[in-house]
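Structural overview
So you can see what is in the structure, the chains are spelled out below.
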Amino acid sequence: VSVRRQTAGNNGYTVHAGIVLCGMYLFNINLECGWTFSYDKSDKVYWYRNKQGYYESYDEIPMSTTYGFSSCFVNIGYGFQLFNRARITPKIGINTVVLKEEKEADDYNTYANEAYTRLALGACNIDFALSQHLGISFSYEYTEPFSMSDGFKVVDKTINLKRMMIGSNYKIGTFIYF
C-alpha cells in the first residue's frame, strides 16, 4: 500500500489517496492492476427535486452531499534497465473512477452515487532496488477522460470533479521482490 499525492492540471488541486497495487515483471514486460481509494472529499453539492422528479444540482439548496472516489486500473509497460539496481518503465493503461456519495440526510437519493468516468493513462516508473528483496518506486502518471456517465457529468458541472482525478499524478511506494 502506498500513499498517492495527485495534482491535477494547472489548477493545483491535490487529493490524497491510498493504493493497493499488484504488479509483476516477466521478461521486462510490466503488468499492474490495482485499486485506489480517496481520503479527501469534494466540495458540497446541493440537490433539489425538479418537476419531473429528477435531482439536479444548484448552489443554494439545503440538501447537500459530498463525493469521494475509488478507482480500478490496469497498466502495461516495458522495463528498461538504467544501471545495475535501477529500471525505468514507460506504460499505458486504463482507469475507471467511481464516485461514492456521502449524504447529509438519508431522505433522498441521487443518480450520481456510483457514477463513473473512464480515463486513459500514460505513465513512467523509476524503480530502485534497495536490497535483494526490497525497493522503492517513483511514478509519474497523466490521465485524460474518454467517457463519463450522465451522473458524473451532472456533479462535475457544479464542483468540477475532474480536477480531483484528471491530470498529473505522482506516486511514491515500496515494493517487494520475489
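This section reports on the structure supplied with the text. (Residues numbered from 1 in each chain as written. Predicted model: local features only at pLDDT ≥ 70, side-chain atom pairs only at ≥ 80, totals over all residues. Heavy atoms only, no water.)

**What about the packing of aromatic side chains?**
Inspection of every chain in the model, using the stated rule, returns four aromatic pairs. Aromatic pair Tyr 78 and Phe 80: ring centres 5.0 Å apart, planes at 65 degrees, arrangement edge-to-face. In this structure Tyr 78 comes out as partly exposed when scored by relative accessible area, which is 37%. For the pair Phe 128 and Phe 138, a centre-to-centre distance of 6.1 Å together with 70 degrees between the ring planes defines the contact as edge-to-face. Placement of the pair is Phe 128 in strand 9 (residues 116-129) and Phe 138 in strand 10 (residues 134-148), with a sequence separation of 10 residues. Overall, the relative accessible area of 28% leaves Phe 128 in the partly exposed class. A residue is classified by how much of its surface remains accessible, and Phe 138, at 35% relative accessible area, is partly exposed. (Phe/Tyr/Trp six-rings, centres within 6.5 Å; stacked < 30°, edge-to-face > 60°. Buried < 20%, exposed > 50% of the residue type's maximum accessible area, 1.4 Å probe, protein only. Helix = DSSP H or I, 4+ residues; strand = E, 2+ residues; numbered from the N terminus.)

**Some points on unusual backbone geometry**
The backbone phi angle of Phe 27 is positive, close to 55 degrees, even though this residue is not glycine. As for its placement among the helices and strands, Phe 27 is situated in the loop between strand 2 (13-26) and strand 3 (29-38). Judged by relative accessible area, which is 73%, Phe 27 ranks as exposed. Residue Asn 28 is not a glycine yet carries a positive backbone phi of 70 degrees.

Function-wise, these values are silent; they only describe arrangement.
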